[in-house]
Amino acid sequence: MLKQRIITALILLPIALCGFFLLEGAGFALFIGLVVTLGAWEWARLAGFAEQLPRVVYAAVVALLLFLMYILPDVAPWVLGAAVLWWALATFLVLTYPRTRAQWSSVACKLVIGLLILLPAWQGLVYIKHMALGNWLIMAVMVLVWGADIGAYFSGRAFGKRKLAPAVSPGKSWEGVYGGLALTLLITLVVGVVREWEAKQILLALIGAAVVVLISVVGDLTESMFKRQAGIKDSSNLLPGHGGVLDRIDSLTAAIPVFAVLLWMAAS
């Protein structure tokens, strides 16, 4: 399994980096759209579709919506605003699972939730890409999420005692969250000092980093909650040794739109 994971990572990493940082405009939107469409195909399985046809149809609907969003850029604020509301609600649903699962357990409800997860992630990346220093900002949100994962892993293994959401993901602990948060705040502080930001800028950056990291944890737990409800371990087997696309981007689907909204607020 480890060998398989390493080989898959070595193949996918350069493709992902080239797609994120070398493509521009329609090429970038199409590249991210492909990833999101594959995620939609996987989400249809989490929603309750075992057969291929309805899963493909759902993925096609998502692809069509992405195209409409691309040719109608004025919808971006509404899409990102909907994401903020959804992730606030998702936080509540994760914390109250399984008590509240009846509220979202229907196939129709889960299909709509899939749209609220996938479409804003695409929209957020496209929005960030068009900003000044867009590539660096995309790297920044990824570093925050990856840093949180690394910090949580080591802190959780060393100090983890209190379960974060035992009904959703028994392996995660509050100590892991604190460790991931601490590492990302340290990274943010170092960047601020090196770039000679003012004290106010550093403070705002630290607050923003904390918000993004915490919501990324919710993104991870949300997919775990839906997988647990569906009785499956991985969203698919598309990535040998790594599970599915959703398993790799679950934290980012929450972090990216929230990060985009924070950037928009900072620029306003």
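This is a predicted model, so every value here is computed, not measured.

(A) The environment of Ala59, seen in detail. Position of Ala59 relative to the elements: it lies in helix 3 (residues 52-71). As for Ala59 and Glu42, which are separated by 17 residues in sequence, their C-alpha atoms are 8.5 Å apart.

(B) Up close: the pattern of salt bridges. For the structure shown, the criterion picks out 4 salt bridges. One salt bridge connects Lys172 with Asp220, and the closest N-O pair in it is separated by 3.4 Å. You can see Lys172 sitting in strand 2 (residues 169-173) and its partner Asp220 sitting in helix 8 (residues 199-230), a full 48 residues away along the chain. Classification of Lys172 as partly exposed rests on a relative accessible area of 26%. Classification of Asp220 as buried rests on a relative accessible area of 17%. A salt bridge links Lys227 to Asp247; its shortest N-O distance comes to 2.9 Å.

(C) A look at helix 9 (residues 245-267). Between its first and last C-alpha atoms helix 9 spans 32 Å; for 23 residues at 1.5 Å apiece the expected length is 33 Å, and the two agree. At Ser251, helix 9 shows its maximal kink, close to 35°.

(D) A look at the packing of helix 6 (residues 134-159) against helix 7 (residues 174-194). Interhelical geometry of helix 6 versus helix 7 gives an angle of 135° and a closest axis separation of 6 Å. It follows from the interaxial angle that helix 6 and helix 7 lie oblique. Read as a crossing pair, helix 6 and helix 7 show a hand that is right-handed. On helix 7, the residues touching Val143, Leu144, Gly147, Ala148, Ile150, Gly151, Ala152, Ser155, Gly156 and Phe159 of helix 6 are Glu175, Gly176, Gly179, Gly180, Leu183, Thr184, Ile187 and Thr188. Residue composition of the contact of helix 6 with helix 7, by class: 8 nonpolar, 9 polar and 1 charged.

(E) Quick look at the UniProt feature "transmembrane region" (unreviewed entry) in the protein chain. Per the UniProt record, "transmembrane region" (unreviewed entry) is annotated on residues 28-44, 56-72, 78-95, 107-128, 134-155, 176-195 and 201-219. As annotated, residues 78-95 comprises 100% helix and 0% strand, and the C-alpha atoms at either end are separated by 26 Å. Within residues 134-155, the helical portion is 100% and the strand portion 0%, while the C-alpha atoms at the span's ends are 31 Å from each other.

Cut-offs used in this document
- Residues numbered from 1 in each chain as written.
- Predicted model: local features only at pLDDT ≥ 70, side-chain atom pairs only at ≥ 80, totals over all residues.
- Heavy atoms only, no water.
- Helix = DSSP H or I, 4+ residues; strand = E, 2+ residues; numbered from the N terminus.
- Salt bridge = Lys/Arg side-chain N within 4 Å of Asp/Glu carboxyl O.
- Buried < 20%, exposed > 50% of the residue type's maximum accessible area, 1.4 Å probe, protein only.
- Expected span 1.5 Å × (residues − 1).
- Bend = angle between axes of the 7 residues up to and from the residue.
- Axes fitted to C-alpha atoms, helices over the stretch in contact; angles between N-to-C directions.
- Parallel < 35°, antiparallel > 145°, perpendicular 65-115°, else oblique.
- Left-handed = near helix turned anticlockwise from the far one by under 90°.
- Contact = heavy atoms within 4.5 Å.
- Nonpolar A, V, L, I, M, F, W, Y, C, P; charged D, E, K, R; others polar.
- UniProt positions renumbered as here; feature names shortened; annotations may be inferred.

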